[in-house]
Amino acid sequence: MDSLLQQLERFSEVLAVSRTTHVSTWDAATVRRALQWARYLRHVHRRFGRHARIRKALERRLQNQWKQEGGSGPAPALGLTNFQALGHCDLLLSLRLLANRALGDAAFHYLLQELFPGPGVPGAEEGTLQGSLALLARRRAAVHMLRSSAYRENPVLQEDSLMKTQAELLLERLQEVGEAHAEGPGRFLSRLWEHLPHNNFLKVTAAALLLPPSSPRHQEEESELGNPRRAGERGRELLHWLLGKSEVIVAFCRNLPAGLLTSVAGRHPEVSRVYLGLLTDWGRHLHYDLQNGIWIGTESQDVPWEELYGRFQSLCQAPPPLKDEVLTTLKSCKAQDGDFEVPGLSIWTDLLLALESGA
């Protein structure tokens, strides 16, 4: 325990130095040792995280150590506020070094290699990538935030900026993987789907599909690298993978907000066709409850009427041709169902009536 506390105290000093101009004296070997130190503490977190009694005892000792010297140790300023913080010491250190302009070129390049080791390096497509994406996305999102003072206190805009940055990084990584592996980016995307939180991955995927075909930043970087590929091409690869994975596309259409899906469907006709097909399929699973006068499902996973209506309403607020396609689909389903005009007999009739009245 005493040895661990000494390690923590010394690493806290390293973290403090990482924000100062003293890092100008660091070379690649110094950065490597600092990252190894941080990963050791992450290993400690992982090892004791599953042992509740040991973890609590260790956390009490750590907190006591942090609160020494008048009850206010260095931990809060350094980000090591609790035992859980040990799990991302390497990310915290890397973020501070990347943001410190005093870091020398050799050390900076080594750090980038550690974060993005490139395809073909063992472990590059899994743990290292997930951590580096999260880290660099936050740093680059901060740049987006600082460019506009209107963003400073708006959490919605902050989240959009983070998603956009993660989407750009995902497309860049797809290009690297596609060039290095004959099977293309499909396997890489499937691994991300397996290992990353699904909801966040789906949002990043949607943001990537909404990026402009070729932003000025991409044009400049690709021109310098002599690479003719564009974000639009990488987006098509992502779209092809998404549409080819039934489990993923269903989760994409069910879990993402209606407005976001409408935007993606408006940009990509392939998505709109699949989305409309799923919506109509979900609608057919509902039946009319005469007693309560509402459409309900028989299974817990069935989409409720309110959600189904909200998604169709969002689509109908889109400009043509998406809006026209949605109304044509609803009218076709209504005709196939008997073309009833009386409420309660066909869900398609009731949806059209509700959309017309705005209810």
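Nothing here was measured: the structure is a model prediction, and the numbers come from that model.

Participant: Tell me about helix H15 (residues 269-284), and name the residues and values.
Facilitator: Taking 1.5 Å of rise per residue, the 16 residues of H15 would be expected to cover 22 Å, and the 23 Å separating its terminal C-alpha atoms lies within 8% of that figure. All buried positions along H15 are accounted for by Val271, Ser272, Tyr275, Leu276, Leu278, Leu279, Thr280, Trp282 and Gly283.

Participant: Describe the pairing of strand S1 (residues 286-289), and please don't skip the residues or the numbers.
Facilitator: Pairing of S1 with strand S2 (residues 294-297), which is carried by 4 bridges, proceeds in the antiparallel orientation. Bridging across to S2, Tyr288 finds its partner in Trp295. Counted along the chain from S1 to the antiparallel partner S2, the turn is 4 residues long, and its residue Gly293 has a positive phi close to 70°.

Participant: An account of unusual backbone geometry is requested, with residue identities and associated values reported.
Facilitator: Cis peptide bonds are those with omega within 30 degrees of zero, and the linkage from Pro320 to Pro321 qualifies with 5°. Topologically, Pro321 is positioned in the loop between helix H16 (305-316) and helix H17 (322-336).

Participant: Describe the nonpolar core, naming the residues involved and giving the relevant values.
Facilitator: Ranked by internal contacts, the top residues of the largest apolar core, which has 58 residues, are Leu189, Leu238, Phe252, Leu308, Phe312 and Leu351. Here the element with the most residues in this core is helix H10 (residues 198-209); it accounts for 7 residues. Apart from the residues within four sequence positions on either side, Phe312 is in contact with Leu276, Leu279, Val326, Leu330, Trp348, Leu351 and Leu355. In this structure, Phe48, Leu93, Leu97 and Leu111 belong to the second largest nonpolar core, which totals 24 residues.

Participant: For the confidence of the model for the protein, give the residues involved together with the corresponding values.
Facilitator: With 71% of its residues at a pLDDT of 70 or more, the protein shows a mean pLDDT of 78. Confidence drops under a pLDDT of 50 for residues 141-158, and excluding neighbours within four residues, the segment shows 13 contacts in the predicted structure. In the model, residues 220-228 has pLDDT below 50 throughout and makes 9 contacts with residues more than four positions away in sequence or in other chains.

Participant: Residues and numbers for the packing of aromatic side chains, please.
Facilitator: Summed over the entire model, instances satisfying the criterion amount to 4 aromatic pairs. Both rings, one in Phe201 and one in Trp241, keep their centres 6.0 Å apart while their planes meet at 85°; by these two values the pair is edge-to-face. Of this pair, Phe201 sits in helix H10 while Trp241 is found in helix H12 (residues 231-244), placing the two residues 40 residues apart along the sequence. Assigned by exposure class, Phe201 and Trp241 land together as buried. An angle of 15° between the planes, with centres 6.4 Å apart, marks the rings of Trp305 and Tyr309 as stacked. Of this pair, Trp305 and Tyr309 both sit in helix H16, 4 residues apart, roughly one helical turn. Owing to a relative accessible area of 10%, Tyr309 belongs among the buried residues under this scheme. Among the aromatic side chains, those forming a connected cluster through ring pairs are Trp193, Phe201 and Trp241. Here the basic side chain of Arg254 rests over the ring of Trp282, its NZ or CZ set 5.9 Å away from the ring centre.

The rules behind these values
Residues numbered from 1 in each chain as written. Predicted model: local features only at pLDDT ≥ 70, side-chain atom pairs only at ≥ 80, totals over all residues. Heavy atoms only, no water. Helix = DSSP H or I, 4+ residues; strand = E, 2+ residues; numbered from the N terminus. Expected span 1.5 Å × (residues − 1). Buried < 20%, exposed > 50% of the residue type's maximum accessible area, 1.4 Å probe, protein only. Pairing = 2+ DSSP bridges. Core = buried A, V, L, I, M, F, W, Y, C linked by side-chain atoms within 4.5 Å. Contact = heavy atoms within 4.5 Å. pLDDT = per-residue confidence, 0-100. Phe/Tyr/Trp six-rings, centres within 6.5 Å; stacked < 30°, edge-to-face > 60°. Lys NZ or Arg CZ within 6 Å of the ring centre and 35° of its normal.

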